[in-house]
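# Tertiary structure, described
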Amino acid sequence: EAALGAGVVLIGVLLAVVGQIYQTGADSELLFAGWALFALPWVLVAAAPWLWLFWLLLLNVALGLYLAGRADIWAMFSLQSMPLWWPLLLNGITLAVWEGLAWRGMFGRTAYGTRSVAFLATAAATVPALAWVFRGSGEVWPGLEWVPLYYGVWAIAVSLFYRFRVRDIVPLALLSGSLVCVLSAMFARQL
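Position numbers for residues count from 1 along each chain, tracking the sequence in the order it is written. Two thresholds apply to this predicted model, a pLDDT of at least 70 for residue-level local features and 80 or more for giving and counting side-chain atom pairs, whereas whole-chain, interface and lining totals are computed over all residues. Side-chain metrics in this entry use all non-hydrogen atoms of the structure; hydrogen atoms and water are not considered.

### Side note on the overall build of the chain
Strands here are runs of E lasting at least two residues and helices are runs of H or I lasting at least four, both read from the DSSP assignment and numbered beginning at the N terminus. In terms of regular secondary structure, the chain is built from 7 helices and 0 strands. Order of helices (α) and strands (β) in the chain, N terminus to C terminus: α-α-α-α-α-α-α. By the burial criterion, 35% of the 191 residues in the chain qualify as buried. Residue contacts are counted whenever heavy atoms from the two residues lie within 4.5 Å of one another. Long-range contacts, defined here as pairs at least 24 residues apart, represent 66% of the contacts in the chain between residues at least 6 apart. Working definition of accessibility: Shrake-Rupley area with a 1.4 Å probe, residue cover restricted to the visible protein chains. Here the chain has roughly 11,200 Å² of accessible surface; of this, 73% comes from carbon and sulfur atoms. Exposure classes here rest on a 1.4 Å probe applied to the protein chains alone. A residue is buried below 20% of its type maximum, exposed above 50%, and partly exposed in between.

What follows is the structure in structure tokens.
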């Protein structure tokens, strides 16, 4: 597993070196997306939870860089808030699959694995909620009015699942921290 993990890291180093030598003009999100793509077979072979988490982190960085660099392009589309929810979809689906595989015994239940993915999903849910709170009064962004509904459904699902099904305090604490951030932001906005 350590050798495969080192190979996955060295793939990124190799892609960065090639990008510097040949000056391909590729964007940074393409580096991380390519890194995740080329590392996927190695991650599948290793089947180590920590390597899956590293691969998920690569996907999150690629998606974050893509959304940060291409935000102006998405202004042309009618579902403008949808890109805000892509990280939550990615991490929420990953958390559901991770928990499902661990529940069936097909994947080792590691506390750090589910908690790390829960942290990424919580961060991905909190950012759009904070964007909704701090939106400008004249700012029109179609679909942003649905943020409280999506955030509420996510919060209820996480609280019910981790309170009654799995009984893990860390995702519940992450949810509480997210709620404190959003509610404090709403209170600060009113002041």
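### Thoughts on the nonpolar core
Side-chain atoms within 4.5 Å link the members of a nonpolar core, which is a set of buried Ala, Val, Leu, Ile, Met, Phe, Trp, Tyr and Cys residues. In terms of nonpolar packing, the biggest core is built from 24 residues, with Leu-88, Val-117, Tyr-151 and Trp-154 touching the most fellow members. Every element with two or more residues in this core is listed here: helix H3 (49-69), helix H4 (82-103), helix H5 (111-133), helix H6 (147-165) and helix H7 (169-190). With 7 residues, H5 is the single largest residue contributor to this core. Residues within four places of Trp-154 in sequence aside, it is in contact with Leu-88, Ala-121, Thr-122, Ala-125, Leu-175 and Ser-178. Ranked by size, the runner-up nonpolar core spans 11 residues in total, among them Ala-39, Ala-46, Trp-55 and Leu-58.

### Here's the deal with helix H2 (residues 28-46)
Between its first and last C-alpha, H2 extends 26 Å over 19 residues, near the 27 Å set by a 1.5 Å rise per residue. Looking only at H2, the buried set comprises Glu-29, Gly-34, Trp-35, Ala-36, Ala-39, Val-43 and Ala-46. Note on H2: the residue one or two positions beyond its end, Ala-47, has a positive phi of about 50 degrees. A helix is expected to reach a length of 1.5 Å times the quantity of its residues less one.

### Some thoughts on the environment of Leu-4
Examined against the element boundaries, Leu-4 turns out to sit in helix H1 (residues 2-22). Classification of Leu-4 by relative accessible area gives partly exposed; the value is 25%. Here the alpha-carbon distance between Leu-4 and Ala-48, two residues 44 residues apart in the chain, equals 9.6 Å. When neighbours within four sequence positions are excluded, Leu-4 is seen to be in contact with Trp-42, Val-45, Ala-46 and Leu-51.

### What to know about the packing of H6 against H7
Axis separation between H6 and H7 bottoms out at 9 Å; the angle between their running directions is 155 degrees. Here H6 is positioned roughly antiparallel relative to H7, judged by the angle of their axes. H7 is crossed by H6, and the crossing has left-handed handedness. Contacts between H6 and H7 involve Tyr-151, Trp-154, Ala-155, Val-158, Ser-159, Tyr-162 and Arg-163 on the former and, on the latter, Pro-171, Leu-172, Leu-175, Ser-178, Leu-179 and Val-182. In this description, a line fitted to the C-alpha atoms serves as the axis of each element, helices being fitted only across the stretch in contact, and the angle between N-to-C directions of two axes falls anywhere from 0 to 180 degrees. An angle below 35 degrees is treated as roughly parallel, one above 145 as roughly antiparallel, one from 65 to 115 as roughly perpendicular, and anything else as oblique. The crossing is said to be left-handed when, going from far helix to near helix, the turn is anticlockwise and less than a right angle, and right-handed when the turn is clockwise.

### Structural notes on the packing of H2 against H3
Two numbers describe how H2 lies on H3: the axes approach to 9 Å, and their chain directions differ by 160 degrees. Comparing the axis directions of H2 and H3 gives the class roughly antiparallel. As H2 runs across H3, the sense of the crossing is left-handed. Between H2 and H3, the contacting residues are Ser-28, Glu-29, Phe-32, Ala-33, Trp-35, Ala-36, Ala-39, Leu-40, Trp-42, Val-43, Leu-44 and Ala-46 on the first element and Leu-51, Trp-52, Phe-54, Trp-55, Leu-58, Leu-59, Val-61, Ala-62, Leu-65 and Tyr-66 on the second. In terms of residue class, the contact of H2 with H3 is built from 20 nonpolar, 1 polar and 1 charged. Note on residue classes: Ala, Val, Leu, Ile, Met, Phe, Trp, Tyr, Cys and Pro are nonpolar, Asp, Glu, Lys and Arg are charged, and everything else, Gly too, is polar.

### Structural notes on unusual backbone geometry
Residues other than glycine predominantly adopt negative phi, and peptide bonds predominantly adopt the trans conformation. Positive phi outside glycine occurs at Arg-167, with the angle close to 60 degrees. Structurally, the position occupied by Arg-167 is in the loop between H6 and H7. Given a relative accessible area of 59%, Arg-167 falls into the exposed group.

### Remarks on the confidence of the model for the chain
Detailed reading of the predicted model is not advised wherever pLDDT is low. Confidence scores here are pLDDT values: one per residue, from the predictor, ranging 0 to 100. Averaged over every residue, the pLDDT of the chain is 81; residues scoring 70 or more account for 83%. Per-element confidence in the chain ranges from a low mean pLDDT of 78 for H1 to a high of 92 for H7. Taken as a whole, residues 74-79 scores under 50 in pLDDT and shows 7 contacts with residues more than four places along the chain or in a different chain.

### Some thoughts on the packing of aromatic side chains
Any Phe, Tyr or Trp ring, taking Trp's six-membered ring, that has another such ring centre within 6.5 Å forms a pair; planes under 30 degrees apart are called stacked, those over 60 apart edge-to-face, and the others tilted. Applying the stated criterion across every chain, the model contains 5 aromatic pairs. A ring pair is formed by Trp-35 and Phe-54, whose centres lie 5.7 Å apart and whose planes are at 70 degrees; its orientation type is edge-to-face. With Trp-35 in helix H2 and Phe-54 in helix H3, this pair connects stretches of sequence that are 19 residues apart. Among the residues examined, Phe-54 registers a relative accessible area of 25% and is labelled partly exposed.

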